[in-house]
Amino acid sequence: MSFENLYWSDIFAALSQTLAMVGGALSLTVLLGLPLGILLYLTGRQQIFSQPFAYGGLSFVLNIIRSVPFIIMLIVLMPVTVIVTGTSLGIRGVIFPLVIGTAPFFARLVETALREVDRGIIEASQAMGASTAQTIFRAVLPEALPSLLAAVTVTAIVLVDYTAMSGAIGGGGLGDLAIRYGYHRFQTEIMLVCVVILIVFVQLIQAAGNRLVSHFSRK
Amino acid sequence: MITLENIRKDFPGKTGAITALDGINLSIARGEIFGIIGSSGAGKSTLVRLINLLERPTGGEVIVDGEPVTSFKGQPLRDLRRKIGMVFQHFNLLSARTVFGNVAYPLELTGEYGRIEIAAKVETLLARVGLKDHAQKYPRQLSGGQKQRVGIARALACEPDVLLCDEATSALDPQTTGSVLELLQQINRDLGVTIVLITHEMDIVRRTCDRVAVLDHGRVVESGPVTQVFLHPQHEATLKLVREAEPDGGLLGNIAAVGASGRTVRLTFLGETARKPLLGRIARENGADYQILAGRVGNIRDTPYAQFTVSLSGTDVAGAIAGLRSGGVTVEVHGDDVVEHSSVTPLPALQRGGGLRHVV
Ligand SMILES: Nc1ncnc2c1ncn2[C@@H]1O[C@H](COP(=O)(O)OP(=O)(O)OP(=O)(O)O)[C@@H](O)[C@H]1O
Ligand SMILES: [Mg+2]
């Protein structure tokens, strides 16, 4: 195995694409998944706005999306992606399916995180004359912040995985590079370097996530 | 201040509705410390949560300050809740906020105060509960007693007329319990805040409350001034709670059976009467002997009391009883139907015929 014919510039370009995809998709996932998670939480059984039908419907749709393997989601969503972003290729083309693929997952994690907040705290907030919005934004969400940060960390790592997968259909990034060189051109060393970079990347995300979680843990 | 009219509360259960409260009528006066006592599952928490409408009654009316509030929603409900502070058994502090942040929370919710105003108010509140030096700590860094002080400061932030305390000291050790009860009495005295104190311990009622209602299986089975309810319990549930508060469990039936050859009477000395050497003098004057079978001595809030069950014998037992009564002692005679010097009707413990069953 030789590393002479490694194209470092390609690797750096791919890495920055991966970063852009993960970063972009993560922010949009949080933006979409957080309200969905809050909605799930509020409408859930014995919660503040318990709405069994709304909860059941939303839950059903999210479960369907979550049961479709991401690689199939990518292909199925292609026509929609083209309509929404104008292309199904490159960073732009891949962020849309990434968000659709991970937002339901993130929403579930948010729901779980919020449910873990002590009911007594919600009751205390209500007893002090807080509106529901105040209770959610000033009490429940801050109380759940460590769990929410942990959820973001897990989602970011899932996104790294998904971006690599989306490389297969022309998404760009490290996964794309690894498959193009390693699989189609038998340049295993490039594949190896890509995988090592991904491993380091995931470790860094987890470490940063853990630090944030413990920084905001007051329990 | 607070009136509950014919309150009923049913919870949906697996096998039909569970009735938690059934026909509750209560009136709590402004400025008093009102105890609600009952054993586990009696409905105390449900009752107190109805007052600030955390729970809606199935039937009946909650009246606060002369106004029926049962149907309140939205802003009027939130305004009502601001006037009713609540203190919880498990504190329910926001773990993500400092002590300062916790006390500031209800003030922030109102949207009426600026930063500086809030800071000044919080500082005063923390000084009142003795936590001035802990403002920047997080709840997990505090002891249970300190956490409850934060809970109390927070409940007082919006200058409420009423403080609802649901088992506020049940998670605390005896010494801390004492200091928290002391603080509540001080708040009641200094700020004139009406306090509703939920507890399952008669001892807490004795030390803290002016009046008390005994709750049993969702009904008020007895209520009145603590001096009355504590010294002359009528209902089985009350007797049980009083006995639990006695050091020996209050079961002195054996002693009573061994020594009781004369007339068994229960003597209650309350207030000034409890400070006078009455019993010995009157026994002497009437040539009577007394054997003490059971007794308890202490204070109800600040009122001293002494209560003895004695067996009277000798030449003029009737004269001794008359003498005691004219000295201000409440005398209840074993077997008598009518008790003078108190509005109490016959004593269930004495009436049951099996001798004296509880301390008295
Ligand atoms: N949300 C609820 N759903 C169903 N049943 C309830 C609910 N809350 C209370 N109950 C029932 O109502 C009754 C009274 O409960 P409550 O909590 O008021 O008792 P408590 O006197 O406060 O008891 P404890 O001393 O154990 O706190 C109990 O039988 C309880 O099971
Ligand atoms: Mg309770």
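Cut-off values and rules
Residues numbered from 1 in each chain as written. Chains lettered and ligands numbered in written order. Predicted model: local features only at pLDDT ≥ 70, side-chain atom pairs only at ≥ 80, totals over all residues. Heavy atoms only, no water. Helix = DSSP H or I, 4+ residues; strand = E, 2+ residues; numbered from the N terminus. Buried < 20%, exposed > 50% of the residue type's maximum accessible area, 1.4 Å probe, protein only. Contact = heavy atoms within 4.5 Å. Areas by Shrake-Rupley, 256 points an atom, 1.4 Å probe, with all protein chains shown as cover. Lys, Arg positive; Asp, Glu negative; His and termini not counted. Charge placed at Lys NZ, Arg CZ, Asp CG, Glu CD. 1 Å grid on protein atoms, 1.4 Å probe; cavity = no way out; pocket = protein on both sides within 12 Å on 5 of 7 lines; lining within 4 Å. Points joined across faces, edges and corners; volume = space filled by probe spheres on them. Nonpolar A, V, L, I, M, F, W, Y, C, P; charged D, E, K, R; others polar. pLDDT = per-residue confidence, 0-100. Domains from an automatic or database assignment. Buried area = accessible area lost by both parts, 1.4 Å probe. Salt bridge = Lys/Arg side-chain N within 4 Å of Asp/Glu carboxyl O. Polar contact = N/O pair within 3.5 Å; in protein donor to acceptor, adjacent residues only side chain to side chain. Pairing = 2+ DSSP bridges. Axes fitted to C-alpha atoms, helices over the stretch in contact; angles between N-to-C directions. Near = heavy atom within 4 Å. Expected span 1.5 Å × (residues − 1).

A. Summary view of the overall build of chain A. Of regular secondary structure, chain A possesses 8 helices and 0 strands. Traced from its N-terminal end to its C-terminal end, chain A shows the element sequence α-α-α-α-α-α-α-α. Sorting the 219 residues of chain A into buried and exposed places 47% on the buried side. A fraction of 74% describes how many contacts in chain A between residues 6 or more apart in sequence connect residues 24 or more apart. Only carbon and sulfur atoms are counted for the fraction: they give 69% of the accessible area of chain A, which is about 10,800 Å². The centroid of the 12 positive side-chain charges in chain A is displaced by 9 Å from the centroid of its 10 negative side-chain charges.

B. Representation of the layout of surface pockets in the model. Volume-wise, the largest pocket comes out at about 860 Å³. As for the largest pocket, its lining consists of 25 residues, and the residues nearest its centre are Arg 119 and Gln 126 of chain A together with Arg 49, Leu 54 and Glu 55 of chain B. When residues of the lining of the largest pocket are traced back to their parent elements, those giving at least two are helix H5 (119-127) and helix H6 (132-166) of chain A together with strand S1 (2-13) and helix H2 (74-82) of chain B. Here the residues of the lining of the largest pocket sort into 9 nonpolar, 7 polar and 9 charged.

C. Structural view of the confidence of the model for chain B. Residues and elements named next belong to chain B. Mean pLDDT over chain B stands at 87; residues scoring 70 or higher make up 89%. When mean pLDDT is taken per element in chain B, strand S3 (residues 33-37) scores highest with 97 and helix H13 (residues 348-351) scores lowest with 42. Low pLDDT, under 50, characterises residues 251-258; the stretch is placed with 11 contacts to residues that sit more than four places away or in other chains. The model gives residues 337-360 a pLDDT under 50, and that stretch makes 62 contacts with residues more than four places away or in other chains. In the model output, the complex is listed with pTM 0.87 alongside ipTM 0.86.

D. Geometry of the domain arrangement of chain B. Residue and element names in this part refer to chain B. Along its sequence, chain B is organised into domain 1 (2-236) and domain 2 (252-350). Relative placement of domain 1 and domain 2: their C-alpha centres are 38 Å apart. Between domain 1 and domain 2, the buried area comes to about 1,300 Å², and carbon and sulfur atoms account for 51% of it. Among the residues domain 1 hides against domain 2, the three largest losses belong to Leu 231, His 232 and Gln 234. Together they make up 45% of the total.

E. Expanded view of the interface of chain B and chain A. Listed as interface residues are 22 residues of chain B and, on the opposing side, 21 residues of chain A. Taken together, both faces of the contact between chain B and chain A bury some 1,900 Å²; the carbon and sulfur share is 55%. The three residues of chain B that bury the most area against chain A are Ser 95, Tyr 105 and Leu 109 of chain B, which together make up 26% of that side's buried surface. Where chain B packs against chain A, one counts 2 salt bridges. Among the salt bridges present, the one from Arg 138 of chain A reaches Glu 108 of chain B, with a minimum N-O distance of 3.8 Å. The interface formed by chain B and chain A holds 10 residue pairs in polar contact (both at pLDDT 80 or more) in total. Of all the elements in the fold, those that place two or more residues in the side of chain B that touches chain A are H2, strand S6 (84-87) and helix H3 (99-110) of chain B. It is H3 of chain B that provides the largest number of residues to the side of chain B that touches chain A, a total of 4 residues. When the residues that make up the side of chain B that touches chain A are grouped by side-chain class, the tally is 11 nonpolar, 3 polar and 8 charged.

F. The arrangement of the environment of Ala 318 of chain B in detail. Residue and element names in this part refer to chain B. By the secondary structure assignment, Ala 318 is in helix H12 (residues 317-326). According to the relative accessible area criterion, Ala 318 is exposed, its value standing at 57%. Along the chain, Ala 318 and Asn 286 lie 32 residues apart, while their C-alpha atoms are 8.8 Å from each other.

G. Structural context of the sheet that holds strand S12 (residues 288-300) of chain B. Residue and element names in this part refer to chain B. Taken together, 4 strands build an open sheet; the order of strands is S12-S13-S11-S14 and the sheet is antiparallel. Bordering the open sheet on either side are S12 and strand S14 (330-333), each of which pairs with just one other strand. In this sheet, neighbouring strand axes are inclined to one another by 20° on average, regardless of whether the strands run parallel or antiparallel. As paired strands, strand S11 (residues 263-270) and S14 are joined by 4 bridges and run antiparallel to one another. The residue bridging Val 265 from the neighbouring strand is Val 333, located in S14.

H. Seen up close, unusual backbone geometry. Residues and elements named next belong to chain B. With phi around 60°, Leu 53 is a residue other than glycine that occupies positive phi space. Position of Leu 53 relative to the elements: it lies in the loop between helix H1 (44-51) and strand S4 (59-64). The exposure class assigned to Leu 53 is buried, which follows from its relative accessible area of 2%. In this structure, Asp 65 takes a positive phi of about 55° despite not being glycine.

I. Quick look at the site of ligand 1. Residue and element names in this part refer to chain B. Inspection of the region around ligand 1 gives Phe 11, Ala 20, Ser 39, Ser 40, Gly 41, Ala 42, Gly 43, Lys 44, Ser 45, Thr 46 and Glu 167 as its neighbouring residues. Separating an oxygen atom of ligand 1 from a backbone N or O atom of Gly 41 is a distance of 2.8 Å. Here Gly 43 contributes a backbone N or O atom positioned 2.9 Å from an oxygen atom of ligand 1. For ligand 1, whose accessible area on its own is 630 Å², the fraction buried by protein is 60%.

J. Representation of empty space enclosed by the protein. Following the criterion strictly, the structure yields 4 cavities of 30 Å³ or more and no others. In this structure, the largest cavity encloses a volume near 100 Å³. For the largest cavity, the lining is made up of 14 residues, of which Ala 127 and Met 128 of chain A together with Gly 85, Arg 154 and Ala 155 of chain B are closest to its centre. For the lining of the largest cavity, the secondary-structure elements that each account for two or more residues are H5 of chain A together with H2, S6 and helix H5 (144-156) of chain B. At 3 residues, S6 of chain B tops the list of elements feeding residues into the lining of the largest cavity.

K. Geometry of helix H6 (residues 174-191) of chain B. All names here are of chain B. In this model H6 runs 25 Å from its N-terminal to its C-terminal C-alpha over 18 residues, within 8% of the 26 Å that 1.5 Å per residue would give. Of all the positions in H6, only Thr 176, Thr 177, Gly 178, Val 180, Leu 181, Leu 183, Leu 184, Gln 185, Ile 187 and Asn 188 are classed as buried. Buried residues along H6 sit against S3, helix H4 (115-128), H5, strand S7 (162-166), strand S8 (194-199) and helix H7 (202-208). At the N-terminal end of H6, a side-chain oxygen is found 3.1 Å from the backbone nitrogen of Gln 175, two or three residues along, and the residue is Asp 173. The positive-phi residue at the C-terminal boundary of H6 is Gly 192, with phi of around 65°.

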